[in-house]
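Chain residues, written in single-letter form:
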2 protein chains.
Amino acid sequence: MRVDVVFGGDKIAPSDVAGRVVAIIDVLRASTTIAAALANGARAVIPFETSEEVVNRSKSLERSDVLLAGERKMLPISGFDLGNSPNEFTRDVVEGKTILMTTTNGTLAIVNTAGAREVVVASYANYSAVLAMLRAALRGGADITIVCAGRDRQFALEDAGCAGRYVTNVTKRLTNVSINDAAHACALIDRRYGESINRLFEASEHGRLLGNAGFADDLAICGQLDAFPVIPVYQDRQITKLGPERER
Amino acid sequence: MRVDVVFGGDKIAPSDVAGRVVAIIDVLRASTTIAAALANGARAVIPFETSEEVVNRSKSLERSDVLLAGERKMLPISGFDLGNSPNEFTRDVVEGKTILMTTTNGTLAIVNTAGAREVVVASYANYSAVLAMLRAALRGGADITIVCAGRDRQFALEDAGCAGRYVTNVTKRLTNVSINDAAHACALIDRRYGESINRLFEASEHGRLLGNAGFADDLAICGQLDAFPVIPVYQDRQITKLGPERER
């Protein structure tokens, strides 16, 4: 079995995902926000590459059923209901709603996974839930690819650190698992920061940018382990919560 | 000033290199081989993306003046004079010759640097010489981009580790230098392996592949710090040695 990491949602080759279980990580903030939305009762999150696609899709749906969400350069999109702060996706706002979402990095990675056996959205905020799912998949013989979405098509330290935590713990006590060099590097980054996700965010360019732009609350929630314990799976072009409530 | 790292010679954006001093790292083995060739008296190394280009160019030159060199999937190219093992590029073979070279990863990165202020080829084997040049450039106000060529368009641990050593030491005792997340990650990898370049190669997929394919001697020479103390600069589409002998 293999556990490999790919840096950059735009760098995914078909062979990186074909037949594999794929975890998409965009810690700051799309992965965390998606977990928050589903944990708080959103029916589904539908990712789009562009804000135009979000608007177009919303026209074919009952307006009261949907929320338009996303960001460009960290800021909310004009005319949209929500930005990309997990704190906005509270139960009273999102429960029962379908969220049409576009973000700079995370949604691009998610829609780039054609051919994958299963796609899951991973972050610190839903760490243990997704880890359990990935471990089960690996034990069942699946190969895993973890995609670090990154920022503006660049390597992002916080995504790599989070990926490293998954790599280390998904392979723990399993023999016969090979990892690629990127996975190895991620594990080193996670080991360096250990439990201190805040220090990881302080070291990351994106973390500092968000802090300086007034999103310190977002950093706090994105670094809160298991704050939103859901397994968001991407299937039939939408992300829903894996589990008994999925068919609701 | 900035010191940034880019993972992947095929991922270089014009803005990554425009006006910057750019160091290209392909430790295993193109960077090391180029340093060996120039240290042993080759007149120049001319990098090409494809073996067809090498053959075509050789036809316009005096056959006794040139050597055709390169590899595909680690192995020498049929009909070429040399492969990509630094050990082949001895003084009696290369002195006075122009080397027409194509490799899987390194030469692609080198030819992808249009717009750079200066391009230098870096490895462990010419570490101190290139470090001195980069430090002088940074002190002079230049921004630096270090490109990790990688392997088959994937992140390679050995290139990142070598880049990390440059990042750490080029910025040492300088204030006002910003580094990107990739540079930060590289520095962590270098710190993990420290002086043990052999252990870094053992941890890297490419290092293990080369070892298993019978290239253990190459690994030894590629990990030998300052074995070929030259500064190879890429200018006017050829790589020559910076220094008093350059005009020879």
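Residues numbered from 1 in each chain as written. Chains lettered and ligands numbered in written order. Predicted model: local features only at pLDDT ≥ 70, side-chain atom pairs only at ≥ 80, totals over all residues. Heavy atoms only, no water.

## Some details on the side chain of Glu71 of chain A
Residue and element names in this part refer to chain A.
Piece 1. Residue position: Glu71 is located in strand S4 (residues 66-72).
Piece 2. This buried residue, Glu71, is left without a salt bridge; Arg29 holds the nearest opposite charge, at 4.7 Å.
Piece 3. In this structure the side chain of Glu71 is engaged in a polar contact, spanning 3.5 Å, whose partner is the backbone nitrogen of Lys73.
Piece 4. Once you skip the residues sitting within four places of it in the chain, Glu71 turns out to touch Arg29, Ile77, Asn84, Thr102, Thr103 and Thr104. (Helix = DSSP H or I, 4+ residues; strand = E, 2+ residues; numbered from the N terminus. Buried < 20%, exposed > 50% of the residue type's maximum accessible area, 1.4 Å probe, protein only. Lys, Arg positive; Asp, Glu negative; His and termini not counted. Salt bridge = Lys/Arg side-chain N within 4 Å of Asp/Glu carboxyl O. Polar contact = N/O pair within 3.5 Å; in protein donor to acceptor, adjacent residues only side chain to side chain. Contact = heavy atoms within 4.5 Å.)

## A closer look at the interface of chain B and chain A
Piece 1. Counting residues at the interface gives 23 residues for chain B and 23 residues for chain A.
Piece 2. A buried area of about 1800 Å², summed over both sides, lies between chain B and chain A, and 54% of it is on carbon and sulfur atoms.
Piece 3. Counting every contact that joins chain B to chain A gives two salt bridges.
Piece 4. Where chain B meets chain A, there are eight residue pairs in polar contact (both at pLDDT 80 or more).
Piece 5. Those elements that place two or more of their residues in the side of chain B that touches chain A are strand S1 (2-7), helix H7 (157-170) and helix H8 (181-193) of chain B.
Piece 6. If you tally residues by element for the side of chain B that touches chain A, the top one is H8 of chain B, at nine residues.
Piece 7. The class makeup of the residues in the side of chain B that touches chain A is eleven nonpolar, four polar and eight charged. (Buried area = accessible area lost by both parts, 1.4 Å probe. Nonpolar A, V, L, I, M, F, W, Y, C, P; charged D, E, K, R; others polar.)

## Overview of the relation of the copies chain B and chain A
Piece 1. Screw-axis analysis of chain B against chain A gives a translation of 0.0 Å along the axis, an RMSD of 0.0 Å, and a rotation angle of 180 degrees. What the rotation and shift describe, once combined, is the action of a two-fold rotation axis.
Piece 2. Looking at chain B, 100% of its interface residues are interface residues in chain A too, so the copies touch through the same face. (Least-squares fit on C-alpha atoms with pLDDT ≥ 70 in both.)

## Quick word on helix H6 (residues 127-139) of chain B
Residues and elements named next belong to chain B.
Piece 1. Its 13 residues place the ends of H6 18 Å apart at the C-alpha level, agreeing with the 18 Å of an ideal helix rising 1.5 Å per residue.
Piece 2. Those residues of H6 that sit buried are Tyr127, Ala129, Val130, Leu131, Met133, Leu134, Arg135, Ala137 and Leu138.
Piece 3. Looking at the packing, one finds that the buried side of H6 touches S1, strand S2 (21-25), strand S7 (118-122), strand S8 (144-148), H7 and strand S10 (232-235).
Piece 4. Following H6 by one or two positions, Gly141 has its phi on the positive side, about 100 degrees. (Expected span 1.5 Å × (residues − 1).)

## Description of the state of the cysteines
Piece 1. Throughout the structure, instances matching the rule amount to zero disulfides over all chains.
Piece 2. Between Cys186 of chain A, a cysteine without a disulfide, and Cys148 of chain A, which holds the nearest cysteine sulfur, the sulfur-to-sulfur distance is 4.5 Å.
Piece 3. Left unpaired, Cys222 of chain B is separated from the closest cysteine sulfur, that of Cys162 of chain B, by 10 Å. (Disulfide = S-S within 2.5 Å.)

## Observations regarding the packing of helix H8 (residues 181-193) of chain A against H8 of chain B
Piece 1. Where H8 of chain A meets H8 of chain B, the closest approach of the two axes is 10 Å, and the angle between their N-to-C directions is 85 degrees. With respect to H8 of chain B, the element H8 of chain A is oriented roughly perpendicular. Between H8 of chain A, through His184, Ala185, Leu188, Ile189, Arg191, Arg192 and Tyr193 of chain A, and H8 of chain B, the contact on the second element is made entirely by His184, Ala185, Leu188, Ile189, Arg191, Arg192 and Tyr193 of chain B. (Axes fitted to C-alpha atoms, helices over the stretch in contact; angles between N-to-C directions. Parallel < 35°, antiparallel > 145°, perpendicular 65-115°, else oblique.)

## Thoughts on the pairing of strand S11 (residues 238-241) of chain A
Residue and element names in this part refer to chain A.
Piece 1. Pairing between strand S10 (residues 232-235) and S11: four bridges, direction antiparallel. Its bridge partner being in S11, Val233 is matched across the sheet by Thr240.
Piece 2. Where S10 folds back onto S11 in an antiparallel hairpin, the turn is made up of two residues, including Asp236, whose phi is positive at roughly 50 degrees. (Pairing = 2+ DSSP bridges.)

## Some thoughts on helix H7 (residues 157-170) of chain A
All names here are of chain A.
Piece 1. Across its 14 residues, H7 extends 20 Å between first and last C-alpha, which sits within 8% of the 20 Å expected from 1.5 Å per residue.
Piece 2. With twelve of 14 residues buried, H7 lies mostly within the body of the structure.
Piece 3. Residues of H7 that are buried include every one of Leu157, Glu158, Asp159, Ala160, Gly161, Cys162, Ala163, Gly164, Arg165, Tyr166, Val167 and Val170, and no others.

## Digging into the pairing of strand S3 (residues 44-47) of chain B
Residues and elements named next belong to chain B.
Piece 1. Neither face of S3 is open: one carries Ala44 and Ile46, the other Val45 and Pro47, and all of them are buried.
Piece 2. Sheet topology note: the S3/strand S6 (residues 98-102) ladder contains four bridges and is parallel. Its bridge partner being in S6, Ala44 is matched across the sheet by Thr98.

## Considering the packing of aromatic side chains
Piece 1. With the rule as written, the count across this model stands at nine aromatic pairs over all chains.
Piece 2. Seen in terms of ring centroids, Phe7 of chain A and Phe155 of chain B are 5.2 Å apart; in terms of plane orientation they differ by 85 degrees. Their pairing is edge-to-face. In this pair, Phe7 of chain A is assigned in strand S1 (residues 2-7) and Phe155 of chain B in the loop between S8 and H7, connecting two distinct chains.
Piece 3. Residue Phe7 of chain A is classed as buried on the basis of its relative accessible area, which comes to 14%.
Piece 4. Put simply, the rings of Phe7 and Phe155 of chain A together with Phe7 and Phe155 of chain B pair up and form one aromatic cluster.
Piece 5. Arg29 of chain B extends its terminal NZ or CZ atom over the ring of Phe215 of chain B, reaching a point 4.5 Å from the ring centre. (Phe/Tyr/Trp six-rings, centres within 6.5 Å; stacked < 30°, edge-to-face > 60°. Lys NZ or Arg CZ within 6 Å of the ring centre and 35° of its normal.)

## A few points about unusual backbone geometry
Piece 1. Here Leu28 of chain A and Arg29 of chain A are connected by a cis peptide whose omega angle stands at 5 degrees.
Piece 2. The residue Arg29 of chain A is located in the loop between strand S2 (21-25) and helix H2 (30-39) in this model.
Piece 3. Of note, Lys73 of chain A is a non-glycine position whose phi angle comes to about 55 degrees, a positive value.
Piece 4. Following the sequence through the fold, Lys73 of chain A ends up in the loop between S4 and strand S5 (75-76).
Piece 5. Take Lys73 of chain A: its relative accessible area is 75%, and that puts it in the exposed class.
Piece 6. Despite not being glycine, Asn176 of chain B has its phi angle at roughly 70 degrees, a positive value.
Piece 7. Turning to its location among the elements, Asn176 of chain B is positioned in the loop between H7 and strand S9 (178-179).

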